[in-house]
Amino acid sequence: MTYKTLIEADRSLLWHPYASMVDPPPVFPVVSATGVRLMLADGRELIDGMASWWCAIHGYNHPALNEAVTTQLKDMAHVMFGGLTHEPAVTLAQKLVEITPRELQTVFFADSGSVSVEVAIKMAIQYWAAKGRPGKQKLLTIRQGYHGDTFGAMAVCDSVTGMHSLFRDVLPEHYFADSPRTRFEDEWSDDDIESLRALAENHHDDIAAVILEPVVQGAGGMWFYNPAYLDKVRQICDQYDLLLVFDEIATGFGRTGKLFACEHSRVSPDIMCLGKALTGGYMTLAATLTSAGVADTISAGGEGVFMHGPTFMANPLACSTALASINLLEQTGWQQRVENIQSQLQAELAPCRQLDNVIDVRVLGAIGVVEVDRPVDMHVVPHWFVERGVWIRPFGRLIYIMPPYMIDPGELTELTDAIYHVASKLSDEKQ
Ligand SMILES: *Cc1c(COP(=O)(O)O)cnc(C)c1O
């Protein structure tokens, strides 16, 4: 197919994420990807600033991950997980339990981040039912959160920034506290926890769990808040008999400068969701980890089992690739790389602050965000980035990057230059 026929066929056939079939935003046919570069069908090369939405932490087409896939493929691509087990699932589970907070001891494999959140919610409800408190079925969360697109997950997303207000009437109603306003690097203020504390105090008899993204709120606003918030939330959960669920689907595997974002505090959740970078961006796989206490209580409850079991649970190809990805992370000095990316992003995005349409610039770990004063036109701006040889996909008022960790300084500069260029072009257009 030629470049043009491919685009035309795509337009008439395919839905893209949060897109229209009638007035679709531009799409760019890609034929291959290697390292930090995407190759387009017309021969152009783009430096990737998105890591395919947090996933491709090692870049694309990595020999070690390719090897894990092909080796596993020779044994088996998939078998059902009901009544069968296999080494890829067992060794990956051992590894996840080893690298996550000590309290987390059991692993449920799911197919996507959203499903791992559904699983976490069901676990929290089943936990309290097993404890003889079936009235505890609501969730308490914070505004500006994002936890996925399926119904249970949607119900704990911010209905405004999460784009789900249309479904309000069919979704279960949960409790939303104000999200913390104290920035990551600023001094903690106790006022920040009052909203969540008040809701917990008034409604704890209905509430099964608090669920939130620790330290970095991703798709709901790319906001980095003070980790002291997590300590306060943990105290409140303990005081009021609430489980604590951390959604580390975006933040896990080094992105914020710690292996998991909760390590910016000393807090362990009772349940943790992982996804996105779990397989290094190769395949869809997610996991819900729980403490032994949560697992034992659910299993001792009236049902005697946990009520969930996806068809593709613990897919061996995905598990093998995930294990290879974690091993690779440990072998490649990720912490130094992320630290270097952070310093460079801080230095190179700072000039954006001078632009009159830039409201905020923030950096944490290998995440850089430039917030402008109005939503970016997604029919136009993607072309500007592609013309400059980079792949950066803004969202609303946010122009942000989270590149693969192996990006070199020169390539990262091309990304930050492109962001400055686009932000200033947006500023000029305003005049
Ligand atoms: C992406 C994301 C999800 C949903 O994961 P999917 O794999 O898209 O279902 C949930 N929570 C957070 C924090 C995410 O970033």
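Residues numbered from 1 in each chain as written. Predicted model: local features only at pLDDT ≥ 70, side-chain atom pairs only at ≥ 80, totals over all residues. Heavy atoms only, no water.

Participant: If you had to explain the packing of helix H7 (residues 194–203) against helix H8 (residues 228–240) to someone new, which residues and values would you point to?
Facilitator: It is the contact of H7 with H8, at a shortest axis distance of 10 Å, that shows an interaxial angle of 10°. Between H7 and H8, the angle falls in the class roughly parallel. Packed against H7, whose contacting residues are Leu 196, Arg 197, Ala 200 and Glu 201, the element H8 presents Tyr 229, Val 233, Ile 236, Gln 239 and Tyr 240 at the interface. Each residue belonging to the contact of H7 with H8 can be placed in one class, and the counts come to six nonpolar, one polar and two charged. (Axes fitted to C-alpha atoms, helices over the stretch in contact; angles between N-to-C directions. Helix = DSSP H or I, 4+ residues; strand = E, 2+ residues; numbered from the N terminus. Parallel < 35°, antiparallel > 145°, perpendicular 65-115°, else oblique. Contact = heavy atoms within 4.5 Å. Nonpolar A, V, L, I, M, F, W, Y, C, P; charged D, E, K, R; others polar.)

Participant: Can you lay out the site of the ligand for me, pointing to particular residues and giving the numbers?
Facilitator: Ser 112, Gly 113, Ser 114, Tyr 146, His 147, Gly 148, Glu 213, Asp 247, Ile 249, Ala 250 and Lys 276 make up every residue found near the ligand. Between the ligand and the protein, one listed contact pairs an oxygen atom with a side-chain N or O atom of Lys 276 at 2.6 Å. For the ligand, whose unbound accessible area comes to 380 Å², protein coverage reaches 82%. More than half of the atoms of the ligand fall within 2 Å of the grid points belonging to the largest pocket. Class assignment of the residues belonging to the shell around the ligand gives a composition of three nonpolar, five polar and three charged. (Near = heavy atom within 4 Å. Polar contact = N/O pair within 3.5 Å; in protein donor to acceptor, adjacent residues only side chain to side chain. Areas by Shrake-Rupley, 256 points an atom, 1.4 Å probe, with all protein chains shown as cover. 1 Å grid on protein atoms, 1.4 Å probe; cavity = no way out; pocket = protein on both sides within 12 Å on 5 of 7 lines; lining within 4 Å. Sits in = over half its atoms within 2 Å of the grid points.)

Participant: An account of the packing of aromatic side chains is requested, with residue identities and associated values reported.
Facilitator: One pass over the full model with this rule turns up seven aromatic pairs. Between Phe 108 and Phe 306, the aromatic rings sit 5.5 Å apart at their centres with planes inclined by 90°, giving edge-to-face as the arrangement. With Phe 108 in strand E4 (residues 104–110) and Phe 306 in the loop between helix H9 (292–300) and helix H10 (316–331), the pair connects residues that are 198 residues apart, well separated along the chain. Ring geometry for Phe 151 against Phe 167: centres 6.0 Å apart, planes inclined by 70°, an arrangement best described as edge-to-face. Residue Phe 151 is found in helix H6 (residues 151–154), and its partner Phe 167 is found in the loop between H6 and strand E6 (175–177); the two are separated by 16 residues along the sequence. (Phe/Tyr/Trp six-rings, centres within 6.5 Å; stacked < 30°, edge-to-face > 60°.)

Note that all results are geometric; they support no functional claim without further evidence.
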